[in-house]
Amino acid sequence: MNKIKKRLKTLWGRLGATLTVLTLTLMQPMTAYAAVTDSQIVKGTENLIKDVTTWLMVLAPVAAGLLIIYFCIRRSASDEMDQKKWNNRIVVAVVSCIGAVLGSATLNLILGYYK
């Protein structure tokens, strides 16, 4: 039993060391060339991200509003135990909407710095 524990401990140590080396290797700074920014793929990707985030900022509040209306209707038809669940779902819908809009706006802001 002690041999198994020692081997597992050694294995975990080697695995940790390997992952550390791999992480440090991948985190090395790499040089990006200016020709990449002129690429059609990069420009298309930037436009795609811009369009998707714009649509997300429009659709997230609409979808959240529809869900909140639905949850309120279901809450009004439920008993006291289920009303707590519907209240939690309403809160989750509001928080998710705020998160989606803020995330989309942040992505748009970050993308704006690259132009």
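Structure's up top.
Sequence positions are assigned chain by chain, starting from 1 and proceeding in written order. Only residues with pLDDT of at least 70 are given local features in this predicted model, and only at 80 or more are side-chain atom pairs given and counted; all residues enter the totals for whole chains, interfaces and linings. Hydrogens and waters are ignored; side-chain quantities use all the structure's heavy atoms.

Brief notes about the overall build of the chain
So, point 1. Runs of E in the DSSP output that reach at least two residues are strands. Runs of H or I that reach at least four are helices, and both are numbered from the N terminus. For the chain, the helix and strand inventory stands at four helices and zero strands.
So, point 2. When the helices and strands of the chain are placed in sequence order, the string is α-α-α-α.
So, point 3. Looking at the 115 residues of the chain, the share that counts as buried comes to 10%.
So, point 4. The contacts of the chain with a sequence gap of at least 6 include a subset with a gap of at least 24, amounting to 67%.
So, point 5. Surface exposure here means Shrake-Rupley accessible area, sampled with a 1.4 Å probe, where a residue is shielded only by the protein chains that are shown. By element, 69% of the accessible surface of the chain is carried by carbon and sulfur atoms, the whole surface being about 9,800 Å². Buried, partly exposed and exposed residues are distinguished by accessible area as a fraction of the type maximum, computed with a 1.4 Å probe on protein chains only: under 20%, between the cut-offs, and over 50%, respectively. Contacts are assigned to residue pairs that have any heavy atoms within 4.5 Å of one another.

Structural notes on the packing of helix α3 (residues 40-76) against helix α4 (residues 80-112)
So, point 1. Between N-to-C directions, angles span 0 to 180 degrees; the directions come from axes that are lines fitted to C-alpha atoms, helices contributing only their stretch in contact. Where α3 contacts α4, the two axes come as close as 9 Å, and the packing angle between them is 165°. As summarised for this structure, α3 and α4 are arranged roughly antiparallel, according to the angle between their axes. Taken as a pair, α3 and α4 cross one another with a handedness that is left-handed.
So, point 2. A per-class count over the contact of α3 with α4 returns 19 nonpolar, six polar and five charged. For classification, angles of less than 35 degrees are called roughly parallel, those exceeding 145 degrees roughly antiparallel, those between 65 and 115 degrees roughly perpendicular, and all remaining angles oblique. By convention, the crossing between two helices is left-handed when the near helix turns anticlockwise from the far helix through less than a right angle, and right-handed when the turn is clockwise. Polarity classes work like this: nonpolar for Ala, Val, Leu, Ile, Met, Phe, Trp, Tyr, Cys and Pro, charged for Asp, Glu, Lys and Arg, and polar for all others, with Gly in that last group.

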